[in-house]
Amino acid sequence: MAPWSSTFYIGTDLDTDFDTLNTLFEVSDAIDPDATFSPFAAFNDNIDGSRSGIGFPMATWKWAARQDTRIEILQAFWDGALSVPLYIRTLTNRLDIYNARIYRTFLCQALWPPKGEDKQASATLGFELEFRHLILQDEIT
Amino acid sequence: MPRISTGDDIDRFRSDGQASKLHAAFFIPHTIYTAVLASVPASTDMVAQISFTSGSGTLANVKQDMVLWVGTTSGGQELGIARIRKVPIAGTFYIGEQSAINWNVGGTIYLTIVDDFDMWKKHVRIDGTTIYMDYDIAFSDQHTVFSPVPVLGPIVTVGKIEAGDTTVTVQLGPETGYTSWVFGSTISTYLWSCATAVSFSSTSNIRPTAVFDTIGWHLVYCLVTAANGKTRTGVRYVYIWDDDNPPLSVFQTPELLTEDNKAGGCNMSLVFAAQASLAEIPDRALCVVFSEDYYGEGDAQEKISIGAVTGRENIIGIGRLIGESLTYDDESKTASLEIQGYQELMKRINGFPAGLLFKITPAVWTDMPAMTVDRALFHLLEYHTTAITIMDFNRTGDTRYTAKAFSPFASIWEQMQEFAYKQILANPRIDHLGRLWVEIDPLLLPIASRTYPVVLELEDSDLTGRVELPREVLNEVGQVDLSGVVVDGGGNGVGFRSFSPGHIPDRTGAVEVSDRLLLTDQTQANELAGLINAQKNNPYKPMRVKLRANNRLLTCFPNQAVTYTITADKNPRGFAITKNWIPRQRKLSYDSETGVMEVEFILEAETIPALAVTGDIPGSDSFAFPPLPGLPSLPPLPVILPGGTGPVTDGGPPSVLVHEAGAGLILCNNFGADENEQEWYTVNGGLSSGVYQSINRIVKTKNGAIYIIRCGGGYTPSAAKDIFIYRAPYAGGSFELIEDLISARIKMSAGSNPVWIGNIGFNPLVDEDLLYTLWDGSQFGLFKGAGDSFVDTGLVIATGDTACSISYGNGKWVITGNSFSSKMWILSADASTLLDTKQYPTDLKAGETRHVRISTTDKIYHYHNSVDNTISQSEGNGTTFTQDIGDDYVPSETVNDSETLFVTDPTGQYIATDRATTGKGKSTDFGATLVDISNLPFTGHNWRFANAGTTARWVAVSGGGYIYYTDDFFASAPMDARGNLLSIAPIPALTNVRVLEY
């Protein structure tokens, strides 16, 4: 298995089904999502005044407009369910030595939007995937 | 044992990003054997066995305590369930006696044996006057040759085959520090087996690992064999899963787990969305809830579970499905399952009345020798329930004897509480891993016994939310009135009472009565009263805290603590509070959206004992009463000539007391029984082992009081073999300290210098009158009296003798010193006046350092002459001397309680003595000739003797471990009277003997 690139991946199996969005959509210029990353799902305020992050990391992928054909490809992972365990590679909040945000690969619970989607022409506006219970996977070197 | 947190643990507890994934698995039993009912039992009532036909499976795989499902369809259980009480034979299942299954429904009745080992009660059957356990187990040696108790660790172990792996290795067995155990023996071997495991690291280790390659539930058995030959099998479960075959996912868990001290265990509430596998869960199913835990943020995220028991850190809780709440509407349906720890089952299963009596030689199920709370609990759990099969029983280790343990028809839980809490304030608890602990509450343990670990030092940064600590400044209990008994090794009790803080109740609070307890001695009773008082009046009420960490290292059971300091600046009242805190309740809640496991505790502050004093026992002559005034001088009393001091019974003397170097005082109250039928038991109530093992003098007064003394030099008060005098009101009663080095130094104004107890003598003609000497390096001080009323006679004898012999007869006390230049002092009856002094070389011969009086006459033998081995006799309390009346008395060097080394009958004609040559000799002619006692074996040790009231009846004991009785002064072979002695002291080193009743 080759080292992962610094881009977004998604799939069900790191060995056999884990692809970049370009590969997934069979294009060379897939639009990257507007990704957010929260290292903690919540926080505690402690008795000594300190604050600690608790819970699994969370991430979201949001596209201002997503073509329905692409959504259909993504939706195959969910197969009608609202959540499935998936692997994703996404941007974190950390920076590398060149001050670029680094990517990391996670196992997570991937949540399909639970409510109706805003369909406009052949695209969906404001399409957002939510990933929670992010569990860090070892980087391939 | 709880594990003290390590630096790595604390780093993880204080890391960000802590989260968990939660899982639950329910055991679906495997079918072991199927059959159909061959014939309907004659009645549905009290059915204990059934006949079957059309069997399918391997009958040999059906094991005791498996479950029989009875149904009208194959695999059904709608008609009921029963326990397999013993392995079947072809055509017959033996089931726990029951009346709940209707065998008369007609049609085919299907029988299914499944491998579900659960908590059951075992019924008692009484046939006439004969008691049988579990229907047909007759009493034989179960209470003398005990079965082992398998301690095999948590009920369930969970392992995951990780992605890419084909196997997983799981840890079995108890945590380090715990092993299977057995009363009166040791564990010899372990034999682990599991038909579905790939391999074991070892099948004979206490805690092996096992490799599994198959998902699902596996049953692991361990056959434990004791050195006494008894065996016992325990059963535990292993659950294996992987990502492709996940267990149930918990949908919601607003209150995942509550572990509570008062409840005695934990319960869990799991809310599941509808999923197909829910329908497969049988009622009462075994359930394990476990987690995958993560600590650390970013690239430091680490998957690890932290807990006290190696290999079982991932387990949240283990219990049984005992109830559910089903919710549904037009859009969704959920099932809220109530999982309770085994304590709840034990509370709901009513056992038959259980009763045990202390009996040295058990003959029926209700007899228990050397009964302790642990032994009573073992009997209850082993013979009235299936607990020993399915869970660890971690006993109290308390060694106090109890005379009886009885519980009426009540739940098994209540019966355990009846046995344990009401006697020694120990409570049963079942932890989240399904292990039974019976422990005394931390706050009721003496400070020195609080050896439970402090798991964690909590800091403010470890806590989130707010801390709530109520404080009460007025006492709720004004006085603790504690009473109880000390039970000796014969099952006899003596009472004690204590008050805390004292006779006067405190300003506020009611009287708290705590009675019928088992105690150790008065000191312990007082301490316990103070502990109870402090606990009841703990000013700090339970404190609620919420931990920042997913910390499952800290639990409520077994006993453990945390430290936490509330600094003065945090406390609005301005004072600091630094204490150990005991976990009383633990709550886990889980947020499935964030993966956060919240941990809350209710903690109770440790207390230290309050003041306490000895209480008054109505109608007793306890030392609780103020000291009595000194006894008046006694008038001269008539001489008894000849004869003994009490009636002589037929057969042998009924009551004999011996001292054994390890076991201390051992009493037999049926000494006159046939050969080797004697029942011996220890009577060391109130004495520490250091004391009772170092006794070298025993006195029994006319009224039956027993004094035990360690004569010799006292140098260091803390030394185990310090000098002492203790008194018990009777043999078997509890001893009270009369004199020790500290008090002796005060009496002799010796400062920190050594003081010797020279010896003690008594007047056999009155109930209780004794005289003892203290030597301070230059003189004897004399102290006379009884009980705690010994007074200084005022007489001082200047001497270099450190030890002496003391006797009373014909109105005078006689003391002889132990120096080579023999001395003899004759004292008045009140021991206040020195009437005369005799000494070597005029009257006594050199080396005659011991004397023994003939009954209460004025005739005295002087012996222990190591110069020429002769003995002398004086008359008139030293008025005249006749030297060399006998020869060949080769004295041994042993000086302890020399009164047992040269003993006369009441007439003085018959003498039994040790000799350095053979250790035994006798004279039938007033000491003129001495011959070997050929009917006693040569043991290489001194023989010691006690006369039993007539010229012919004697008891002889040897350091080699023999006790003999003769009724013809050893003319014929004496009777072996050891009885059960070897069960108390396998190699008895007997150093003393007293006949208490003739």
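Residues numbered from 1 in each chain as written. Chains lettered and ligands numbered in written order. Predicted model: local features only at pLDDT ≥ 70, side-chain atom pairs only at ≥ 80, totals over all residues. Heavy atoms only, no water.

What follows is about the overall build of chain B. Scanning chain B from N- to C-terminus turns up 9 helices and 69 strands. Across its three principal directions, the C-alpha atoms of chain B cover 115 × 75 × 50 Å. Here chain B, with 998 residues, has 58% of them falling under the buried criterion. At a minimum sequence separation of 6, the contacts of chain B that also span at least 24 residues come to 64%. For chain B, the accessible surface area stands at approximately 37700 Å², while carbon and sulfur atoms represent 51% of it. Charged side chains of chain B number 73 positive and 110 negative; the gap between the two group centres comes to 2 Å. (Helix = DSSP H or I, 4+ residues; strand = E, 2+ residues; numbered from the N terminus. Buried < 20%, exposed > 50% of the residue type's maximum accessible area, 1.4 Å probe, protein only. Contact = heavy atoms within 4.5 Å. Areas by Shrake-Rupley, 256 points an atom, 1.4 Å probe, with all protein chains shown as cover. Lys, Arg positive; Asp, Glu negative; His and termini not counted. Charge placed at Lys NZ, Arg CZ, Asp CG, Glu CD.)

A separate point is the state of the cysteines. Joining two cysteines, a disulfide is a covalent bond between their sulfur atoms. Residue and element names in this part refer to chain B. Inspection of the entire model under this criterion finds 0 disulfides over all chains. Note on Cys804: no disulfide assigned, nearest cysteine sulfur contributed by Cys711 at a separation of 7.9 Å. Take Cys804: its relative accessible area is 6%, and that puts it in the buried class. (Disulfide = S-S within 2.5 Å.)

Regular strands place side chains that alternate from one sheet face to the opposite one. Residue and element names in this part refer to chain B. For strand β7 (residues 110–114), a buried count of 4 out of 5 residues is recorded, marking the element as mostly surrounded by other parts of the structure. Sheet topology places strand β4 (residues 67–71) next to β7; 5 bridges connect them, and they run antiparallel. The residue of β7 that forms the bridge with Val67 is Val114. (Pairing = 2+ DSSP bridges.)

This part takes up the interface of chain B and chain A. Contacts between the two partners involve 26 residues from chain B and, on the opposite side, 23 residues from chain A. For the chain B and chain A pair, buried surface summed over both sides reaches about 2200 Å², with 53% attributable to carbon and sulfur atoms. Ionic pairing is found between Asp299 of chain B and Arg104 of chain A, a salt bridge with its closest N-O pair at 2.9 Å. Here chain B and chain A share 14 residue pairs in polar contact (both at pLDDT 80 or more) between them. Looking at the side of chain B that touches chain A, the elements with two or more residues in it are β1 (19–26) and β33 (463–468) of chain B. For the side of chain B that touches chain A, the leading source of residues is β33 of chain B, giving 5 residues. Tallied by class, the residues present in the side of chain B that touches chain A amount to 6 nonpolar, 11 polar and 9 charged. (Buried area = accessible area lost by both parts, 1.4 Å probe. Salt bridge = Lys/Arg side-chain N within 4 Å of Asp/Glu carboxyl O. Polar contact = N/O pair within 3.5 Å; in protein donor to acceptor, adjacent residues only side chain to side chain. Nonpolar A, V, L, I, M, F, W, Y, C, P; charged D, E, K, R; others polar.)

All names here are of chain B. With 8 bridges connecting them, strand β34 (residues 477–487) and strand β35 (residues 493–500) associate as antiparallel partners. Residue pairing for β35: Asp481 is matched across the bridge by Phe499. Joining the antiparallel neighbours β34 and β35 is a turn of 5 residues, in which Gly491 adopts a positive phi near 90 degrees. The pairing of β35 with strand β41 (residues 613–614) spans 2 bridges and is classified as antiparallel.

What follows concerns the environment of Asn46 of chain A. In this fold, Asn46 of chain A is placed in the loop between β4 (42–45) and β5 (51–54). Taking the relative accessible area as the measure of exposure, Asn46 of chain A reaches 6% and is therefore buried. Non-local contacts of Asn46 of chain A, meaning those with residues more than four positions away in its chain, are made with Arg51 and Ser52 of chain A together with Asp460, Ser461, Leu463, Thr464 and Arg548 of chain B.

Residues and elements named next belong to chain B. Grouped together as the largest cluster of nonpolar side chains are 130 residues, with contacts concentrated most on Phe93, Leu111, Val156, Phe393 and Ile708. Among the elements that make up this core, the one with the highest residue count is helix α3 (residues 373–383) (7 residues). Core analysis: the next-biggest nonpolar cluster, separate from the first, contains 47 residues, Leu256, Cys266, Leu321 and Tyr564 among them. (Core = buried A, V, L, I, M, F, W, Y, C linked by side-chain atoms within 4.5 Å.)

Next up on the list: the environment of Leu219 of chain B. Residue and element names in this part refer to chain B. On the secondary structure map, Leu219 appears in strand β15 (residues 216–226). Here Leu219 falls in the buried class, since its relative accessible area comes to 9%. Measuring from C-alpha to C-alpha, the distance between Leu219 and Asp118 comes to 13 Å, with 101 residues separating the pair along the chain. Look past the residues within four positions of Leu219 in its chain and what remains in contact with it is Phe27, His30, Asp115, Phe117, Ser193, Cys194, Val235, Arg236 and Tyr237.

Residue and element names in this part refer to chain B. In spatial order, the strands read β11-β14-β13; together these 3 strands make up an open sheet with antiparallel pairing. Only two strands of the sheet have a single partner each, and these edge strands are β11 (168–171) and β13 (199–200). Two strands pair when backbone bridges link them, and β11 and strand β14 (residues 209–212) are joined in this way by 4 bridges, in the antiparallel orientation. Its bridge partner being in β14, Thr169 is matched across the sheet by Val211.

The next point concerns the sheet that holds β35 of chain B. Across the sheet, which stays open at both edges, the 4 strands sit in the order β36-β34-β35-β41 (chain B) with mixed pairing between neighbours. This sheet does not close on itself; its edge strands, each paired only once, are β36 (510–518) and β41 of chain B.

For the rest of this paragraph, the subject is the pattern of salt bridges. Residues and elements named next belong to chain B. Scanning all chains against the criterion turns up 47 salt bridges over all chains. Across the salt bridge formed by Glu162 and Lys303, the nearest N and O atoms sit 3.3 Å from each other. Within this pair, whereas Glu162 is found in the loop between β10 (156–161) and β11, its partner Lys303 is found in strand β21 (residues 302–303), the two being separated by 141 residues in sequence. Owing to a relative accessible area of 32%, Glu162 belongs among the partly exposed residues under this scheme. One salt bridge in this structure joins Glu292 and Lys303, with 2.7 Å as the shortest N-O distance. With Glu292 in strand β20 (residues 286–295) and Lys303 in strand β21, this residue pair connects regions lying 11 residues apart in the sequence. Judged by relative accessible area, Glu292 falls into the buried class, the value being 7%.

Residues and elements named next belong to chain B. A cis amide bond, omega -10 degrees, links Phe557 with the succeeding residue Pro558. Relative to the helices and strands, Pro558 is located in the loop between β37 (543–547) and β38 (561–566). Going from Tyr840 to Pro841, the amide bond is cis rather than trans, its omega being 10 degrees. Along the chain, Pro841 falls in the loop between β57 (834–839) and β58 (850–853).

A few words now on the packing of aromatic side chains. As enumerated under the stated definition, the model contains 53 aromatic pairs over all chains in all. Aromatic pair Trp61 of chain A and Trp63 of chain A: ring centres 6.3 Å apart, planes at 85 degrees, arrangement edge-to-face. Of the two residues examined, Trp61 of chain A and Trp63 of chain A, each falls in the buried class. For the ring pair Tyr910 of chain B and Phe969 of chain B, a centre distance of 5.2 Å and an interplane angle of 85 degrees mean the geometry is edge-to-face. Here Tyr910 of chain B, found in the loop between β62 (902–904) and β63 (911–913), pairs with Phe969 of chain B, found in the loop between β67 (962–966) and β68 (975–976); they are 59 residues apart in sequence, far enough to count as distant. Three or more aromatic residues link up through ring pairs in this structure, and these residues are Phe8, Trp61, Trp63, Trp78, Tyr103, Trp112, Phe127 and Phe131 of chain A. (Phe/Tyr/Trp six-rings, centres within 6.5 Å; stacked < 30°, edge-to-face > 60°.)

The next point concerns the packing of α3 of chain B against helix α5 (residues 412–424) of chain B. All names here are of chain B. Following both chains from N to C, one finds α3 and α5 inclined at 175 degrees, their axes separated by 10 Å at the closest point. The pairing of α3 with α5 is recorded here as roughly antiparallel in orientation. Of the residues in α5, those in contact with Val373, Ala376, Leu377, Leu380 and Leu381 of α3 are Ile412, Gln415, Met416, Phe419, Ala420, Gln423 and Ile424. Split by residue class, the contact of α3 with α5 holds 10 nonpolar, 2 polar and no charged. (Axes fitted to C-alpha atoms, helices over the stretch in contact; angles between N-to-C directions. Parallel < 35°, antiparallel > 145°, perpendicular 65-115°, else oblique.)

Time to look at the confidence of the model for chain B. Residue and element names in this part refer to chain B. Of all residues in chain B, 95% have pLDDT values of 70 or greater, and the mean over the chain is 90. A low-confidence stretch, residues 621–645 (pLDDT under 50), is modelled with 45 contacts involving residues beyond four sequence positions or located in other chains. For this predicted complex, the interface confidence comes out at an ipTM of 0.87, alongside a pTM of 0.76. (pLDDT = per-residue confidence, 0-100.)

Here we take up α5 of chain B. Residues and elements named next belong to chain B. For α5, which comprises 13 residues, the first-to-last C-alpha distance of 18 Å matches the rise-based estimate of 18 Å (1.5 Å per residue) to within 8%. At Glu418, α5 shows its maximal bend, which comes to roughly 30 degrees. The set of residues buried in α5 consists of Ile412, Trp413, Gln415, Met416, Phe419, Ala420, Gln423 and Ile424. With its phi angle positive at about 60 degrees, Leu425 sits one or two positions after the end of α5. (Expected span 1.5 Å × (residues − 1). Bend = angle between axes of the 7 residues up to and from the residue.)

Turning next to the environment of Phe352 of chain B. Residues and elements named next belong to chain B. Mapped onto the elements, Phe352 comes out in the loop between β24 (350–351) and β25 (354–358). Note: C-alpha distance between Phe352 and His123 (229 residues apart in sequence) is 6.5 Å. What Phe352 contacts, discounting residues up to four positions off in sequence, is His123, Val124, His384, Phe409 and Gln415.

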